Every structure is written in C-alpha cells, then in structure tokens.
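One letter stands for each residue in the lines below.
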Amino acid sequence: MPAVGHALIAGAAVCALCCAAPAVVGWSRTPWGTVLLLAGLYALCEPVWRVIQGGSEGLAGFYPVLLAAAFLLEPAQAALVAVPGALLAPVRGEPVAARRIWRAAQLSLGTAAAAGAAWRLLGDGRLDRPAFPSLLLPGLAVALVFCLAVGLLEAAVLAAAERRPPRAALRALPGSVPPYLVHGLAGLMMAVLWHSRYGPVSALFVLLPMHISCWVFDRYHRERAAHQATIRALVHAVDIKDRYTRGHSERVGRASVLIGRELGLAEDRQEVLRFAGILHDVGKLGVPTRILRKDGPLTDDERRIIQLHPEYGHEMVRGIGFLEDARAAILHHHERLDGRGYPYGLAGTQIPEFARVVAVADAFDAMTSTRSYSRARAVPAALAELQACAGRQFDPRMVRALVRAVGRHGWHAAVTSDETALPAATVCKNASATESDDRPTRSEGAR
C-alpha cells in the first residue's frame, strides 16, 4: 500500500476517535445499554450478511442497525456502534489490520454523519414526537447522507490505497443509492419500533424479513450473473470458431434491443430479445469449421450445410430454461416475409415476432460490417436497402423501428474479421447478406 493510503487510513481513524470521544468523555450521559445492544446486534448481523452476500456484488455491509443507531443516538454515541462489528468482521486481502481499521473508521464516520443529519432534520426529540409517515422523507435523507459519506470515503481509499482513478472509484456510487435507501427505511422501522411501547425486542423482527429479502435479491443477481456467463461462453465459442463474424452477435443483440424499445416492449421482453439476438448464430457450433472459415465462394452443398445452423441452435438451447422464449427467434431468424426463407419457409405473421426483429438486426449489422469477403455499406445505405426489402423479406414495422432507433442513437459500423478493413462499398448483393452464408456460391462468384 502506498504511503498516501496509510496516511488516509490513519487520518480517518483519528477523525473517528475524535468523533466518538464526546460519548466517552460524557460517560454519564451516554445510554450505554442502547449503544452496547445495537453494537452487539450489528456484530452478529454482519457475519450473517457476509454469508448471504458470498462473493456476489452488492453492499459491503448490513446497515439497518447502523441507521437505526443514527435515529436513536447522538452522533458521538452512534459512532461507537459500528466499531466492534467492523473490527471483528473478516476481511479479504492484505493488509488485514489496515483494512479492519479503515472499515471501522469508515462506518463510524458514516454513522455519525447520518446521526448528525437526523438531529438536524428531527431535532433533539428524534422519534418521540413525529408520526411515522412524516418520518419517511427525513429517513430517506438520513440514509442518503450515510450513503454519500460511506461512498465518498470508499472512493477516497480506492484512489489512495489502490491507485484507481477517482472517476472510476466514484462510478459505482450512484448505483448503490437504492440499496442504501432500502436499508435506511429498515433502520427507520427498527428505530420506531424501538421507541414504541413494545420496546427494543420488537425492533428485532425487522431484521429477519430484511435478511430474507436480501437473500432472495442476492439469489436473483447470482442467477442473472450465471445467465450472463452462459451466454458469454456460447458467444465466445462461436466467435472463436467463425472469425469472420467476430463481435457480430453482440451487435445484433444490441440492435435487437433498440428495435424492441421502439416497439414499446417491456423490460423483461427486451432482455429475452437481447438473448435471442446474441445467440441467433449459436448453431454455427454445429457447422464444420472448414466451411465457416472458407475463403471465397461457397458451393451449393456448403451453403445448405450452413443453412442448418438455425436448427442446430434451436436444439442447443433446448432445456436452458431462461432461453426458452428466445428459441423461436434462433430457429426462424432467416425466414422471409414472402415465404422464401429457411428453414421452414414461414411467411408473414407465421414468423415469430422476435425472429422478425432479429432478422432485421442481423441483416443491418451484416451490411454495415466490413469482413474479408465483403465490404461494408454506409449506415444510411444499409437502412435504405432494408426499407427497399420491407414487405418482401423484412417486416416493415421492424425496419421502421430500426430507422427511428438509429436516427435517435446512431450506429457505428465495425470490422469483424481479422483482416484489414476494405473500402466501404456503395452496393451490396442484396439485403439477405447475413453472417458467413452471405458469400456467393461458385455460380454467383463470376458475376
């Protein structure tokens, strides 16, 4: 750790000691029963929270108890609550002692700042006078102060001790605000119950549902991360096998979501559409590599083999529960509105909606990407080609949605092969030019 990191930790520890000193000096005024009970409760909750969180991303601690202390105690008294739990909690990485001291100082200062905000907003009476609904806005404000104090200190230590750029260290702060607000409301509920006629024991009932809800939330994020890892692995396998279309799948997924947003699809439907766009070519894993990597025109037999990849992909994702809704798009993204597509020659609305979206996104990216066997079109020319083929090959509604989305957000063409980019062409064979089977057959190659 650089010297500036040690200096920051030492400075934070001194500030925390100075902040908590009035509670120790004014020994007789401090409600030690409340302080010790909350400190012990936090020390017990923190290890449980670490088990719940595991190695997943999320808040680094369980904060309802600390925020309850901010409502129940004066700033100097509240600063003591976090110290035992922070010093006893396990830490990852070296140096262990410095990390524990920093964690104790950080939470002590954050809790004191939140308690100061509560004192400013609610006065000396705290929870004695106001009714519960009137406490909601001050409670959220107190949680926000705690979030900012802890987050800014975290960013400072990352910049000083780990030499991360300050902007990168602060980037995670906005995303942590909603969880802090939830913890703040739980802490407010604890404080209100603590002051109720049922006493401190009733406040403990807030912790169980809070732990359960956090566990469920964590499981959801773990499952989502597993989904993303599965998709990345499949796409990476396709990119390794077919070097001509590297990066194509991710861009088709992005273009599909742009279309979905213009169509007004719900967020969960957009997520399924993104999966469908990213995995539309996963069936290429079943196509011989020599065909995918072949330089020059394809034979009729080779083209027929490549045209089996939608069916291969459909079977590959069978049984993967979260991809069930994307399977139809993977199978039918090469169908045409006029019924001349493959693998089943579906026409019009027989083609699933997501397949019609992915077909437009797929063709658009293929036309705007430079590969070793084809030259990229300019974005306006590609959109014009899609519009010319709307009603015959592509769904006009999907084409219009893409045109609006590109007009609003823009689009950057890409080089997807390992070759040097070729000059952009003004004319392409036709709008069916998609992935590796857009290469001409031998009979077309002489034209």
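Remember, predicted model here, so these are calculated numbers, not experimental data.

Colleague: Whenever I open this one, a nonpolar patch on the surface confuses me. Can you help?
Modeller: Taken together, Leu-144, Leu-148, Leu-152 and Leu-170 make up a surface patch of nonpolar side chains, about 310 Å² in accessible area. With 3 residues, helix α6 (residues 132-161) is the single largest residue contributor to the nonpolar patch.

Colleague: Can you help me understand helix α5 (residues 96-122) in this one?
Modeller: Given 3.6 residues to a turn, an α-helix orients residues that are three or four positions apart in the same direction. Between the first and last C-alpha of α5 there are 38 Å, a value that for 27 residues agrees with the 39 Å anticipated at 1.5 Å per step. Taken from the residues just after α5, Gly-123 is the one with a positive phi, measuring 80°.

Colleague: Could you clarify how one ought to interpret helix α11 (residues 248-262) in this entry?
Modeller: In this model, α11 (15 residues) spans 21 Å end to end at C-alpha, consistent with the 21 Å of a helix rising 1.5 Å per residue. Burial within α11 is extensive, with 12 of its 15 residues counted as buried. Listed in full, the buried residues belonging to α11 are His-248, Ser-249, Arg-251, Val-252, Gly-253, Ala-255, Ser-256, Val-257, Leu-258, Ile-259, Gly-260 and Glu-262. Positive backbone phi, approximately 80°, marks Gly-264, located one or two places after α11.

Colleague: Which parts of the structure should I look at to understand the pattern of salt bridges?
Modeller: Two side chains of opposite charge can pair, provided their charged atoms sit close to one another. Within this structure, the stated rule accounts for 13 salt bridges. Arg-251 is paired through a salt bridge with Asp-365; the nearest N and O atoms lie 2.6 Å apart. In this pair, Arg-251 sits in helix α11 while Asp-365 sits in helix α17 (residues 353-367), placing the two residues 114 residues apart along the sequence. The residue Asp-395 makes a salt bridge to Arg-356 at a minimum N-O spacing of 2.6 Å. Taken together, the residues span a long stretch of sequence, with Asp-395 in the loop between α18 (379-389) and α19 (396-409) and Arg-356 in helix α17 at a distance of 39 residues. With a relative accessible area of 10%, Asp-395 lands in the buried category. Residue Arg-356 is classed as buried on the basis of its relative accessible area, which comes to 13%. Each of Glu-262, Arg-404 and Arg-408 takes part in salt bridges that share partners, so that together they form one network.

Colleague: Where do I start with the side chain of Glu-271 in this structure?
Modeller: Relative to the elements of secondary structure, Glu-271 occurs in helix α12 (residues 267-278). Once residues within four sequence positions are removed from consideration, Glu-271 is found in contact with Arg-224 and Gln-228.

Colleague: How should the environment of Ala-384 be read in this particular structure?
Modeller: Assignment of secondary structure puts Ala-384 in helix α18. Separated by 15 residues in sequence, Ala-384 and Val-399 place their C-alpha atoms 9.7 Å apart.

Colleague: I keep staring at the side chain of Gln-270 and nothing clicks. Help me out?
Modeller: Position of Gln-270 among the secondary structure elements: in helix α12. The buried category is assigned to Gln-270, whose relative accessible area is 7%. Polar contacts involving the side chain of Gln-270 include one to the main-chain carbonyl oxygen of Leu-265, which spans 2.9 Å. Each residue touching Gln-270, except ones within four places of it in the same chain, is listed here: Val-257, Gly-260, Arg-261 and Leu-265.

Cut-offs used in this document
- Residues numbered from 1 in each chain as written.
- Predicted model: local features only at pLDDT ≥ 70, side-chain atom pairs only at ≥ 80, totals over all residues.
- Heavy atoms only, no water.
- Patch = residues over 30% accessible without salt bridge, like charges linked within 9 Å, V, L, I, M, F, W, Y side chains within 5 Å.
- Areas by Shrake-Rupley, 256 points an atom, 1.4 Å probe, with all protein chains shown as cover.
- Salt bridge = Lys/Arg side-chain N within 4 Å of Asp/Glu carboxyl O.
- Helix = DSSP H or I, 4+ residues; strand = E, 2+ residues; numbered from the N terminus.
- Expected span 1.5 Å × (residues − 1).
- Buried < 20%, exposed > 50% of the residue type's maximum accessible area, 1.4 Å probe, protein only.
- Contact = heavy atoms within 4.5 Å.
- Polar contact = N/O pair within 3.5 Å; in protein donor to acceptor, adjacent residues only side chain to side chain.

Spatial relationships are all this shows, so hold off on functional conclusions.
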